[in-house]
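As a plain string of letters, each chain reads:
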Amino acid sequence: MDQSTLRNRITDQFSYRGERADIWRAFDLLFDTDEFLNLGYSEWYQPHIAGSSQRRLVTEVGSRVASHLPTTDGVRLLDVGCGRGGPVLHLADQFGFNVTGVDLVPYNIQMATENARGKHLDSEFIIGDATQLPFTRDSFTACTAIDALVYLPERNRVFATVADTLEPEGVLVVSDLVMRSDVTETERRLVDSFADAWDMPSLGTVEGYNAALDETSFELKAVEDITKHSVGRFQKWTTLYLQLLTSPLRALIERLLGAYDLDPAAITEQVRKAHHALPFLQHVIFVAEIEAT
C-alpha cells in the first residue's frame, strides 16, 4: 500500500467515513473515544472494557516522562499523533505540562480543539505530518507518542524529526503496539492481515524501534512490556464476541449494531482479524533521552 492510500484510509477511518470507521462508532458505546483513541492500561483487578483504562495508560506514560525531568510544571511537551486530544490534555491537567498536539487527521484536531475549550489548559493543536514537524530546534523539553506510531510507516523519520525539536537531554516516551520478533511466517501473515484490516502499515518490532532510535541522537533508557495490562486483556473479549456470534444471540447482536447504524459484517471482520493476531502482539513503552552535547 503506498503512503498516499494509507494516509487516505487513516483519515477516513478516524473521520468516521467508510465501513471501517464502524468499529470506532462501536467503541464509542464503551470507551471515551471522543477524546481517547489509545489502548488502555489495567491491573488485573481493574475493569478494562469500561471505565478509564485509556486514561490510566496516559498516566503511566506521563509518570515516565516526569521521572526523567526535575519538574513538569510549565514544561513544553509535544504529543505526536495526538488524536482527539484527551491524552495530552490529561497530561497537562495532571502534570502541569504546556502541551502541543500534532495529528494528521483534520477531524481529530477539530475534536481536540473542542475538547480543550473550557478546560482552561495551556494547549495548542496543529494538523501536521509527524515526519515533517513544523517546529524549530529546542522547541520542546519532552515528547510523547501514545499508541500512534503504529499508524506511521516511516518511524525512523519520526524519531529523527522529533529529536530535532527537543532540547538537549529532552525526553521521549512512546507507547506502541508492535509485533513479537519471534513470529513464524504464518503468524506474520495473521499480523499483516490484522494491520491491513485496521488501516495500519506493517507493524514494527521492539528491535526495529530500538534500531530506529539508535540512528538518531536519542539514547534508549528503558523498554517495558505492558502487554498483560492492555492487549492481553482484550483477547477474552474478542473470544466472547466471536463465541456469541455462533450462538442464538447472534441475531440480537446484529440487530443491536444495526440499531446504531453499524455494519455487523465489517465490525466482525476487524474483530476476528484482531483476535487471530493478538497472541503475536506486544504493547511496549520506550523511554529515550537526547544525548547531552
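Residues numbered from 1 in each chain as written. Predicted model: local features only at pLDDT ≥ 70, side-chain atom pairs only at ≥ 80, totals over all residues. Heavy atoms only, no water.

## Points about the overall build of the protein chain
Inference 1: What the protein chain contains, in helices and strands, is eleven helices and seven strands.
Inference 2: Radius of gyration (C-alpha) of the protein chain: 19 Å, near the 19 Å computed for a compact globule of 293 residues.
Inference 3: By principal-axis analysis of the C-alpha atoms, the protein chain measures approximately 65 × 45 × 40 Å.
Inference 4: Burial analysis of the protein chain (293 residues in total) assigns 54% to the buried set. (Helix = DSSP H or I, 4+ residues; strand = E, 2+ residues; numbered from the N terminus. Rg over C-alpha atoms; globule rule 2.2 N^0.38 Å. Buried < 20%, exposed > 50% of the residue type's maximum accessible area, 1.4 Å probe, protein only.)

## A word on the pattern of salt bridges
Inference 1: All chains considered together, the criterion is met by 16 salt bridges.
Inference 2: Here Asp196 makes a salt bridge to Arg20, at a shortest N to O gap of 3.9 Å. Of this pair, Asp196 sits in helix 7 (residues 185-197) while Arg20 sits in the loop between helix 1 (3-14) and helix 2 (22-27), and the two are 176 residues apart along the sequence.
Inference 3: The exposure class of Arg20 is partly exposed, given its relative accessible area of 23%.
Inference 4: Linking Asp22 and Arg25 is a salt bridge whose minimum nitrogen-to-oxygen distance equals 2.3 Å. You can see Asp22 and its partner Arg25 sitting in helix 2, three residues apart, about one turn around the helix.
Inference 5: Take Asp22: its relative accessible area is 6%, and that puts it in the buried class.
Inference 6: Linked by salt bridges that have partners in common, Arg9, Arg20, Asp196 and Asp199 make up one network. (Salt bridge = Lys/Arg side-chain N within 4 Å of Asp/Glu carboxyl O.)

## A closer look at helix 1
Inference 1: Here helix 1 is twelve residues long and its end C-alpha atoms lie 16 Å apart, about the 16 Å a rise of 1.5 Å per residue gives.
Inference 2: Taken together, the buried positions of helix 1 are occupied by Leu6, Ile10, Thr11, Gln13 and Phe14. The arc that holds every buried residue of helix 1, seen down its axis, measures 165°, which confines them to one face.
Inference 3: On its buried face, helix 1 is in contact with helix 2 and helix 5 (106-116).
Inference 4: Tyr16, located one to two residues past helix 1, shows a positive phi value of around 60°. (Expected span 1.5 Å × (residues − 1). Arc of directions from axis to C-beta. Contact = heavy atoms within 4.5 Å.)

## Regarding the packing of aromatic side chains
For any pair of aromatic rings, the description rests on two quantities: the centre-to-centre distance and the angle between the ring planes.
Inference 1: This structure, assessed with the given rule, holds twelve aromatic pairs.
Inference 2: On the basis of an interplanar angle of 85° and a centroid distance of 5.6 Å, the ring pair of Trp44 and Tyr45 is categorised as edge-to-face.
Inference 3: The exposure class assigned to Tyr45 is exposed, which follows from its relative accessible area of 53%.
Inference 4: Of the aromatic side chains, those joined through ring pairs into one cluster are Phe14, Trp24, Phe27, Phe31, Tyr151, Phe194 and Trp198. (Phe/Tyr/Trp six-rings, centres within 6.5 Å; stacked < 30°, edge-to-face > 60°.)

## Side note on the environment of His229
Inference 1: Inspection of the secondary structure puts His229 in the loop between strand 6 (218-225) and helix 9 (231-244).
Inference 2: Apart from residues no more than four positions distant in its own chain, His229 is found in contact with Gly40, Tyr41, Ser42, Glu43 and His48.

## Notes on unusual backbone geometry
Inference 1: A positive phi angle, close to 55°, is found at Asp147, a residue other than glycine.
Inference 2: For Asp147, the position within the fold is in the loop between strand 4 (140-146) and helix 6 (155-165).
Inference 3: One non-glycine residue, Asp199, lies in positive phi territory at about 60°.
Inference 4: Of note, Asp199 is situated in the loop between helix 7 and helix 8 (206-214).

## Digging into the packing of helix 7 against helix 11 (residues 264-277)
Inference 1: It is the contact of helix 7 with helix 11, at a shortest axis distance of 8 Å, that shows an interaxial angle of 145°. Considering the relative orientation of helix 7 and helix 11, their crossing is left-handed. On helix 11, the residues that touch Leu190, Val191, Ser193, Phe194 and Ala197 of helix 7 are Gln270, Lys273, Ala274, His276 and Ala277.
Inference 2: Residue composition of the contact of helix 7 with helix 11, by class: six nonpolar, three polar and one charged. (Axes fitted to C-alpha atoms, helices over the stretch in contact; angles between N-to-C directions. Left-handed = near helix turned anticlockwise from the far one by under 90°. Nonpolar A, V, L, I, M, F, W, Y, C, P; charged D, E, K, R; others polar.)

## Considering helix 8
Inference 1: For helix 8, the full list of buried residues reads Val206, Tyr209, Asn210, Ala212 and Leu213. The buried residues of helix 8 all sit within an arc of 160° when viewed along its axis, so they share a single face.

## Brief notes about the nonpolar core
Inference 1: Among the nonpolar cores identified, the biggest contains 38 residues, and Phe194, Met200, Leu203, Tyr241, Ile267 and Leu281 are the most heavily contacted of them.
Inference 2: When residues of this core are traced back to their parent elements, those giving at least two are helix 1, helix 2, strand 5 (166-179), helix 7, helix 9, helix 10 (250-259) and helix 11.
Inference 3: Residue contacts for Met200: discarding those within four places in its chain leaves Leu6, Val150, Tyr151, Phe194 and Ala195. (Core = buried A, V, L, I, M, F, W, Y, C linked by side-chain atoms within 4.5 Å.)

## Comments concerning the sheet that holds strand 6
Inference 1: Strand order in this open sheet of seven strands is 3-2-1-4-5-7-6, and the pairing throughout is mixed. Of all strands in the sheet, those with a lone pairing partner are strand 3 (123-127) and strand 6, marking the two edges. On average, each strand axis in the sheet is tilted by 15° relative to the strand beside it, whichever way the strands run.
Inference 2: Bridging between strand 1 (residues 76-80) and strand 2 (residues 98-103) involves five bridges; their strand directions are parallel. Across the sheet, Leu77 pairs through a bridge with Val99, a residue of strand 2. (Pairing = 2+ DSSP bridges.)

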